[in-house]
Amino acid sequence: MFIGSYLCPVFTPSSYYNGYNISILPPPSPRTHEILLNLHMHTRYSDGFVSHDQVAAAALKAGLDAVIVTDHNVWVDGPEEYYRKNGSKVLLLVGEEVHDQARDPQKNHLLVFGAGRELATYAYDPQFLLDKVNQSGGLAFLAHPNDPPSPAIGETDITWVDWTARGYHGLEVWNWFSEFKGHIKSKLHAIYYAYNPTRSACGADPEALRRFDELLAGGRKLVMIAGSDAHALPGRLGPLRRTLFPFEFHFRTVNMHLLLPRPLGEDSAQDAALIYETLRQGHAFIGYDLPAPTRGFRLTVHGSEKTGTMGDEFSAKGGITLQIKLPLRVECTVFKDGQPVKTFRNRDLCTYITSEPGIYRVEAYIQYKGQRRGWIYSNPVYIKR
Ligand SMILES: [Zn+2]
Ligand SMILES: [Zn+2]
């Protein structure tokens with residue numbers, strides 16, 4: 001029986017504590033430093049059309065804090081550092097997107113971060129590859145786990161199919177390019193979206209989300225990420241030439257927001273380690289920043305023993321309060337074990353109280369250009385018995 005209840009009063013964080021003895025409340029989560037990270041893209045080292053310097057320049061223009069370049073089957077050693085301009089800086093990190101190039105048909109793309117070495121030689125066996133990633137201290141995410149074909153533009157289905165593999169850290173539940181492919185039924189569609197790129201992104205992939213929830217229900221602790229899969233493809237129609245979806249566009253669109261325990265500093269190696277550890281722990285959410293900035297979203301969990309956020313575990317004993325803070329008054333749904341349990345409408349502060357163990361996460365939606373879009377996807381919190 002579901003015994004959760006909810007409140008959605010209009011309150012401020014300070015008024016929330018009225019009537020409580022603040023001195024006995026658990027300390028607030030120290031994860032207050034939010035950074036923007038875009039983490040799946042390709043340069044000229046594989047099938048992209050830009051250099052690392054151009055990636056960094058676009059990221060600086062878009063105001064990102066960090067990017068991870070993930071060229072196909074090549075780990076590029078060298079360009080990993082802070083890039084600076086006009087008092088701003090961005091940390092460019094180098095990962096890799098690995099797949100077995102001899103496999104027919106092509107499947108199983110794996111994003112590898114932080115391994116610090118070339119791993120494409122192990123691509124022939126996904127489990128062997130995952131073992132090598134873990135031995136190298138890296139992170140592995142299944143790229144576009146559900147990826148539709150688009151014959152109109154010569155793109156095949158490159159879904160993840162090896163579901164017996166273990167040892168990955170999460171799923172890319174929203175891949176901008178896969179979603180775009182799914183829209184393209186003819187060349188005319190491709191032209192339409194090339195000139196109307198803001199029409200394409202509507203939300204995380206429902207099948208990938210379903211798979212994510214299913215894997216969590218099986219006892220795994222996983223992290224959801226979103227990737228732009230940016231290439232800056234050159235488009236050509238007769239005399240017309242156009243870069244399809246420039247990097248700066250992607251960097252203003254779907255990003256990861258990470259909650260760090262300290263601000264980024266000057267040491268690129270230390271900051272890289274901090275970013276990877278934060279991703280590994282799932283202290284992060286997906287934000288679709290084009291309709292409106294998602295910076296400031298928080299899912300804070302108050303348990304009887306501690307206060308924490310996404311990625312953390314709590315005991316259900318004594319009850320749990322999920323406190324949701326949204327940057328705008330929008331629609332927001334709480335999911336428990338993959339099922340919606342409460343939807344709030346036109347709210348920017350919501351509270352959900354429960355004593356039911358389960359895996360909880362939050363989605364928020366926004367109206368943009370006449371369509372309801374997925375706006376924010378939190379990573380889960382784990383409420384144990
Ligand atoms: Zn891929
Ligand atoms: Zn890719």
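The shown structure was predicted, so the numbers you read here are calculated from the model rather than taken from an experiment.

Which parts of the structure should I look at to understand the overall build of the protein chain?
For the protein chain, the helix and strand inventory stands at eight helices and 22 strands. Over its C-alpha atoms the protein chain spans a radius of gyration of 21 Å, differing by no more than 12% from the 21 Å that the globule rule assigns to 385 residues. Along the first, second and third principal axes, the C-alpha atoms of the protein chain reach 70 × 50 × 45 Å. Within the protein chain, the proportion of its 385 residues that are buried is 57%. Counted over contacts in the protein chain with a minimum sequence separation of 6, partners at least 24 positions apart contribute 71%. Just so you have it, the protein chain exposes about 16400 Å², and 53% of that area is on carbon and sulfur atoms.

Mind showing me how you'd approach the coordination of the zinc ion (ligand 2) here?
Perfect tetrahedral coordination of a metal by four donors corresponds to 109.5 degrees between them, and perfect octahedral coordination by six donors corresponds to 90 or 180 degrees. Within the protein, His40 (NE2), His42 (NE2), Glu97 (OE) and Asp229 (OD) serve as the donor atoms for the zinc ion (ligand 2), at 2.1 to 2.2 Å. Viewed at the metal, the four donor atoms of the zinc ion (ligand 2) are separated by angles of 83 to 173 degrees, and the geometry they form is irregular. The zinc ion (ligand 1) is placed at 3.5 Å from the zinc ion (ligand 2), the two being bridged by Glu97. Residue His40 is found in the loop between β2 (33-38) and α2 (52-62), and its partner Glu97 is found in strand β6 (residues 96-98); the two are separated by 57 residues along the sequence. By relative accessible area, Glu97 is classed as buried at 0%.

I would appreciate a short explanation of the nonpolar core in the present structure.
Nonpolar side chains in soluble globular proteins generally cluster together in the buried interior. Among the nonpolar cores identified, the biggest contains 98 residues, and Phe113 and Ile324 are the most heavily contacted of them. With seven residues, strand β18 (residues 320-336) is the single largest residue contributor to this core. Apart from residues no more than four positions distant in its own chain, Ile324 is found in contact with Phe297, Arg298, Leu299, Cys332, Val334, Phe344, Asp348, Leu349, Cys350 and Val362. Core analysis: the second largest hydrophobic core is formed by 22 residues, Leu64, Val67, Val69 and Ala232 among them.

Got a minute to help me understand the coordination of the zinc ion (ligand 1) in this structure?
At this site the zinc ion (ligand 1) is bound by Glu97 (OE), His109 (ND1) and His144 (NE2), with donor distances of 2.0 to 2.2 Å. Considered as a linear motif, the donors of the zinc ion (ligand 1) on their single chain read E-x11-H-x34-H.

Explain unusual backbone geometry here, please?
As a rule of thumb, non-glycine residues mostly have phi less than zero, and peptide bonds are mostly trans rather than cis. A cis amide bond, omega 0 degrees, links Asp104 with the succeeding residue Pro105. Tracing the backbone shows Pro105 in the loop between β6 and β7 (110-113). The phi dihedral of Asn108 is positive, around 60 degrees, even though this residue is not glycine. You can see Asn108 is positioned in the loop between β6 and β7. Despite not being glycine, His144 shows a phi value in the positive range, around 25 degrees. Positionally, His144 belongs in the loop between β8 (139-142) and β9 (170-175). The exposure class assigned to His144 is buried, which follows from its relative accessible area of 3%.

Just to check I follow, could you spell out the packing of aromatic side chains for this structure?
Think of a pair of aromatic rings as described by two things: how far the centres are apart, and how the planes are tilted against each other in angle. Scanning the entire structure with this criterion turns up 17 aromatic pairs. Summarising the aromatic geometry, the rings of Phe180 and Tyr193 are spaced 6.4 Å apart at their centres and angled 90 degrees between planes, so their arrangement reads as edge-to-face. Taken together, the residues span a long stretch of sequence, with Phe180 in helix α4 (residues 176-183) and Tyr193 in helix α5 (residues 187-195) at a distance of 13 residues. Here Tyr193 falls in the buried class, since its relative accessible area comes to 13%. For the pair Phe180 and Phe245, a centre-to-centre distance of 4.8 Å together with 75 degrees between the ring planes defines the contact as edge-to-face. Here Phe180, found in helix α4, pairs with Phe245, found in the loop between β12 (240-244) and α7 (247-251); they are 65 residues apart in sequence, far enough to count as distant.

Conventions adopted
- Residues numbered from 1 in each chain as written.
- Chains lettered and ligands numbered in written order.
- Predicted model: local features only at pLDDT ≥ 70, side-chain atom pairs only at ≥ 80, totals over all residues.
- Heavy atoms only, no water.
- Helix = DSSP H or I, 4+ residues; strand = E, 2+ residues; numbered from the N terminus.
- Rg over C-alpha atoms; globule rule 2.2 N^0.38 Å.
- Buried < 20%, exposed > 50% of the residue type's maximum accessible area, 1.4 Å probe, protein only.
- Contact = heavy atoms within 4.5 Å.
- Areas by Shrake-Rupley, 256 points an atom, 1.4 Å probe, with all protein chains shown as cover.
- Donors = N, O, S within 2.8 Å, 3.2 Å for Na, K, Ca; no water.
- Tetrahedral: all angles 85-135°; square planar, octahedral: opposite > 155°, others 65-115°.
- Core = buried A, V, L, I, M, F, W, Y, C linked by side-chain atoms within 4.5 Å.
- Phe/Tyr/Trp six-rings, centres within 6.5 Å; stacked < 30°, edge-to-face > 60°.

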